[in-house]
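Single-letter residue listing:
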Amino acid sequence: MCTGEDSHPDPAKRWQVGIWYCLFYLLFAVFGASIIRLVAIMPPALIALVLGLALLAPIANALMIAVAIEKERIAAMTTFAITASGIAFFGIGAAFWGLIAGLLAYHAHHLKR
């Protein structure tokens, strides 16, 4: 993260971002126990809400990348929907069934052409 284009346009000055990372890591090290204690007394619904909001941007980015190629769009959304549903058959979780359904959708779409 410290060496990317987002940290600084000039590659020779990107090392400065590492200092900020170090300071924040030190703050978390010093106040980590207090932060965990605060989180532990929060209601579970509030924790789920905060985590859900924090994951909106990564999920939106992943979905945008997944549906970028038009011929793979249906397979990607099928995989996502079944995996997110949490279904389980024969003791096998949703991630496996989502992958299988996505592969079937992908091949069905390509057989159609």
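Up top is the structure.
Now for a look at the structure at hand. (Residues numbered from 1 in each chain as written. Predicted model: local features only at pLDDT ≥ 70, side-chain atom pairs only at ≥ 80, totals over all residues. Heavy atoms only, no water.)

### What to know about the overall build of the chain
So, point 1. Scanning the chain from terminus to terminus reveals 4 helices and 0 strands.
So, point 2. Beginning at the N terminus, the succession of helices and strands in the chain can be written as α-α-α-α.
So, point 3. Taken over the C-alpha atoms alone, the chain extends approximately 55 × 45 × 20 Å along its principal axes.
So, point 4. The proportion of buried residues among the 113 residues of the chain is 11%.
So, point 5. Within the chain, contacts between residues at least 6 apart in sequence are counted, and of these 19% link residues at least 24 apart. (Helix = DSSP H or I, 4+ residues; strand = E, 2+ residues; numbered from the N terminus. Buried < 20%, exposed > 50% of the residue type's maximum accessible area, 1.4 Å probe, protein only. Contact = heavy atoms within 4.5 Å.)

### Considerations on helix H1 (residues 15-41)
So, point 1. Taking 1.5 Å as the rise per residue, H1 with 27 residues should run 39 Å; its terminal C-alpha atoms sit 38 Å apart, in good agreement.
So, point 2. By the largest-angle criterion, Phe31 marks the main kink of H1, which is about 65°. (Expected span 1.5 Å × (residues − 1). Bend = angle between axes of the 7 residues up to and from the residue.)

### Regarding the environment of Ile87
So, point 1. Mapped onto the fold, Ile87 is located in the loop between helix H3 (73-85) and helix H4 (94-112).
So, point 2. Taking the C-alpha atoms as reference points, Ile87 and Gly98, 11 residues apart in sequence, are found 9.1 Å from one another.
So, point 3. Setting aside chain neighbours within four positions, we find Ile87 in contact with Ile82, Ile92, Gly93, Ala94 and Trp97.

### A word on unusual backbone geometry
Excluding glycine, a negative phi dihedral is what most residues carry, and trans is how most peptide bonds are arranged.
So, point 1. Phi at Phe90 is positive, roughly 55°, even though this residue is not glycine.
So, point 2. Positionally, Phe90 belongs in the loop between H3 and H4.
So, point 3. The exposure class assigned to Phe90 is exposed, which follows from its relative accessible area of 80%.

### Let's talk about H4
So, point 1. Compared with an ideal rise of 1.5 Å per residue, which puts 19 residues at 27 Å, H4 spans 26 Å between its outermost C-alpha atoms and is within 8% of the ideal.
So, point 2. Within H4 the residues assigned to the buried category are Ala94, Gly98, Ala101, Gly102, Ala105 and His109. Each buried residue of H4 sits inside an arc of 105° when the element is viewed along its axis, so together they form one side. Counted as exposed and oriented over 90 degrees from the buried face of H4: Leu104 and Leu111.
So, point 3. Looking at the buried residues of H4, the elements they touch are H3. (Arc of directions from axis to C-beta.)

### Re the packing of aromatic side chains
So, point 1. Taken as a whole and assessed by the stated rule, the structure comprises 3 aromatic pairs.
So, point 2. Ring geometry for Tyr21 versus Tyr25: centroids 6.4 Å apart, planes at 50°, classification tilted. On the criterion of helical spacing, the pair formed by Tyr21 and Tyr25 is a turn pair, its members being 4 residues apart in helix H1.
So, point 3. The class for Tyr21 is partly exposed, based on a relative accessible area of 28%.
So, point 4. The exposed category is assigned to Tyr25, whose relative accessible area is 57%.
So, point 5. Aromatic side chains Phe96 and Trp97 sit 5.0 Å apart centroid to centroid with 75° between the ring planes, which places their arrangement in the edge-to-face category.
So, point 6. Counting every residue linked through ring pairs, the aromatic cluster contains Phe89, Phe96 and Trp97. (Phe/Tyr/Trp six-rings, centres within 6.5 Å; stacked < 30°, edge-to-face > 60°.)

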